[in-house]
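Each chain, written out:
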Amino acid sequence: MPPLKTIVEGLLFVSDSAVSEETLSQIVEEGVSPEDVLQVIEELNEEYEIRNRAFAIKRVAGGFQLRTREELAPYCLRLKKNAPAKLSKAAMETLAVVAYRQPVLRAEIEKIRGVDAGGTIRLLLDRNLIRISSRRENLPGRPMLYSTTGKFLETFELDSLNSLPTIEEIGRITPPKRLKLF
Amino acid sequence: MNAAHEDLNLKLEIYEGPLELLLHLIKRNEVDIHDIPVSLITAQYLEYIEYIESINLDLAGDFLVMAATLAHIKSKMLLPADSLEAGEQPEDPRLELVRPLLEYSAFQTAAENVSMRPQLNRDVFVRGGVGSETLDLPEDNQPESLMVAKSSVYELVKAWQDLYARRTAEGLSLKFSMETVTIGEKLVQIRAFLLSVKSAHFRDLAGLDKNNYELALNFLAVLELARTGFLRLYQDSDVDQSGPRLFLADPAAREAPEKLDYR
């Protein structure tokens with residue numbers, strides 16, 4: 001049997017999406033715990049770092065995925081040619097509201113941002129970053145509720161929604177500037 | 001010259017909504033959000049609105065609502081508070097403004113934080129392309145190569161809208177016809193079509209209809225066939241393409257295609 005480190009590396013190389021340490025340990029063999037997997041992933045990342053490899057194993061969407069180092073972005077973009085269009089400030093704000101307040105109504109998004117959100121919601125749905133998760137049954141017209149998708153986590157390299165600082169924390173981190181009296 | 005240039009840039013800034021504009025003014029004046037100098041901010045706010053109107057840009061009604069709110073708060077601050085119990089502190093009229101501003105400000109920061117994270121396919125990349133999945137289909141009907149994305153009803157609705165929009169763009173035809181096609185006939189037609197081609201793009205169905213009514217019937221027939229398991233719908237991961245793909249699903253269904261009657 002090849003070393004656990006090699007197997008885990010191979011599985012991560014082959015996998016199309018992020019794989020959890022539980023799944024990895026189940027695939028390998030009995031007697032290998034998720035903790036063992038975490039241990040070798042850490043070792044692999046150290047080796048990649050020391051040897052200046054092109055990639056690292058990142059924790060995203062509840063699992064692990066091999067991803068290139070950020071310094072390589074300009075070269076990778078030249079190869080790929082079709083980078084996704086940058087999301088506008090308005091779209092990012094709508095996305096942030098959905099991420100923190102989900103499941104959320106369009107009206108709630110608009111109340112927080114003070115502007116119509118129809119266009120940005122449609123764009124985010126198109127990009128598969130948010131989805132219609134359900135409907136508010138107790139309101140007239142059963143308005144739709146929006147939530148973020150797994151692709152949202154993958155796109156912004158988030159392990160889970162809990163990886164985001166809470167909105168209350170953010171409110172405190174950025175205190176309003178004090179009034180300069182004179 | 002440099003200063004004039006800056007001024008121009010500043011003025012060309014377009015604020016999407018009143019809260020964004022107000023926050024900008026508060027930051028620019030370096031004032032405390034909890035102690036907003038209402039007169040100053042209101043004056044600058046109105047100045048911006050006048051400027052936007054002067055260059056003939058449409059102004060969202062929300063901006064005017066906020067202008068009214070500002071004026072209201074300003075007048076409240078000038079007037080003595082209503083009769084209060086002894087020792088009771090009057091509520092600062094600016095609070096109704098501060099709360100939404102603080103909340104919006106927090107979300108602005110949250111959005112910036114998320115934007116700064118390494119973004120997939122922009123800053124970081126994974127091996128190969130998009131995730132693929134094997135299709136849950138009979139073996140003799142597996143496509144040679146197909147990238148399939150997780151999909152939702154939303155995409156199906158979008159595909160329908162695209163189809164309908166294309167149709168409308170090709171020219172609305174007003175036809176009076178005594179022919180009445182039933183959904184049952186459509187079911188048979190689509191079955192026959194799919195049996196011959198095995199898999200088709202949603203858009204290919206456009207060839208099977210004569211008018212919008214039939215297009216709608218087609219759509220319903222596709223949903224019905226998917227429900228009964230005769231065909232399956234998949235979305236190519238390349239979303240911009242031609243909408244969902246229809247696949248023949250159940251070999252048994254091919255044997256007895258005429259069983260259902262929807263008249």
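Note that this is a predicted model, so its numbers are computed, not measured.

What follows deals with the interface of chain B and chain A. Each partner contributes to the interface: chain B provides 38 residues, whereas chain A provides 39 residues. Of all the secondary-structure elements, those providing two or more residues to the side of chain B that touches chain A are α2 (18-28) and α5 (95-116) of chain B. Residue composition of the side of chain B that touches chain A, by class: 18 nonpolar, 10 polar and 10 charged.

Next up on the list: the packing of helix α5 (residues 89-101) of chain A against helix α6 (residues 106-113) of chain A. All names here are of chain A. Taken N-terminus to C-terminus, the directions of α5 and α6 make an angle of 120°; their axes are 10 Å apart at the nearest point. Of the possible angle classes, the one that applies to α5 and α6 is oblique. The crossing of α5 and α6 is right-handed. Here E93, T94, V97, V98 and R101 of α5 come into contact with α6, specifically with E108, I109, I112 and R113. Classifying every residue of the contact of α5 with α6 gives four nonpolar, one polar and four charged.

For the rest of this paragraph, the subject is the packing of helix α3 (residues 38-54) of chain B against helix α4 (residues 61-78) of chain B. When two helices pack together, their arrangement is given by the angle between their axes and by how far apart the axes lie. All names here are of chain B. At their nearest, the axes of α3 and α4 sit 10 Å apart, and the two run at 155° to each other. Between α3 and α4, the angle falls in the class roughly antiparallel. At the point where α3 passes α4, the crossing takes the left-handed sense. On the side of α3, the interface is formed by V38, S39, T42, Y45, L46 and I49, while α4 contributes F63, A67, L70, A71, I73, K74 and M77. For the contact of α3 with α4, the class distribution of residues is 10 nonpolar, two polar and one charged.

Let's shift gears to the sheet that holds strand β3 (residues 104-105) of chain A. Residue and element names in this part refer to chain A. Taken together, the three strands give an open sheet; going across it, the order is β3-β5-β4, and neighbouring strands pair in antiparallel fashion. Edge strands, defined here as strands with exactly one partner in the open sheet, are β3 and β4 (130-135). Sheet topology places β4 next to strand β5 (residues 144-148); five bridges connect them, and they run antiparallel. Note on β5: the bridge partner recorded for I130 is T148.

Our focus in this paragraph is the nonpolar core. Formed by 64 residues in total, the largest nonpolar core has its most connected members in L95(A), A96(A), V97(A), V98(A), L22(B), F107(B) and A110(B). L217(B), F219(B), A221(B) and L225(B) belong to the second-largest nonpolar core, a separate cluster that totals 10 residues.

Residues and elements named next belong to chain B. Its 15 residues give helix α7 (residues 183-197) an end-to-end C-alpha distance of 21 Å, which sits within 8% of 21 Å, the value for a rise of 1.5 Å per residue. K186, L187, I190, R191 and L194 are the residues of α7 that are buried. When α7 is viewed along its axis, its buried side chains cluster within an angular range of 135° and face the same direction. In this structure, α7 carries A192 and S196 as exposed residues pointing more than 90 degrees from its buried face. Where α7 terminates, the next one or two residues include K198, which has phi positive at roughly 70°.

Here we take up unusual backbone geometry. All names here are of chain A. Residue Q102 is joined to P103 through a cis peptide bond whose omega torsion reads -10°. Despite not being glycine, N52 shows a phi value in the positive range, around 60°. Take N52: it is sitting in the loop between α3 (34-50) and β1 (55-60). Backbone geometry places A61, a non-glycine residue, at a positive phi of 45°.

It is worth spelling out the confidence of the model for chain B at this point. All names here are of chain B. Per-residue pLDDT for chain B averages 72, and the proportion of residues at 70 or more is 62%. Overall, residues 1-11 carries pLDDT values under 50, and its contacts beyond four positions in sequence, including any with other chains, amount to one contact. Low pLDDT (under 50) marks residues 130-136, which in the prediction has 12 contacts with non-local residues, meaning those over four places away or in another chain. Both scores are available for the predicted complex, with the pTM at 0.65 and the ipTM at 0.83.

Residues and elements named next belong to chain A. In a regular helix each residue adds 1.5 Å, so 13 residues correspond to 18 Å; α5 covers 18 Å between its end C-alpha atoms and thus fits that length. α5 sits mainly inside the fold: 10 of its 13 residues count as buried. Among all positions of α5, only A91, M92, E93, T94, L95, A96, V97, V98, A99 and Y100 are buried.

Conventions we followed
- Residues numbered from 1 in each chain as written.
- Chains lettered and ligands numbered in written order.
- Predicted model: local features only at pLDDT ≥ 70, side-chain atom pairs only at ≥ 80, totals over all residues.
- Contact = placed C-beta atoms within 7 Å.
- Helix = DSSP H or I, 4+ residues; strand = E, 2+ residues; numbered from the N terminus.
- Nonpolar A, V, L, I, M, F, W, Y, C, P; charged D, E, K, R; others polar.
- Axes fitted to C-alpha atoms, helices over the stretch in contact; angles between N-to-C directions.
- Parallel < 35°, antiparallel > 145°, perpendicular 65-115°, else oblique.
- Left-handed = near helix turned anticlockwise from the far one by under 90°.
- Pairing = 2+ DSSP bridges.
- Core = buried A, V, L, I, M, F, W, Y, C linked by C-beta atoms within 7 Å.
- Buried ≥ 20, exposed ≤ 12 C-beta atoms within 10 Å, placed from the backbone.
- Expected span 1.5 Å × (residues − 1).
- Arc of directions from axis to C-beta.
- pLDDT = per-residue confidence, 0-100.

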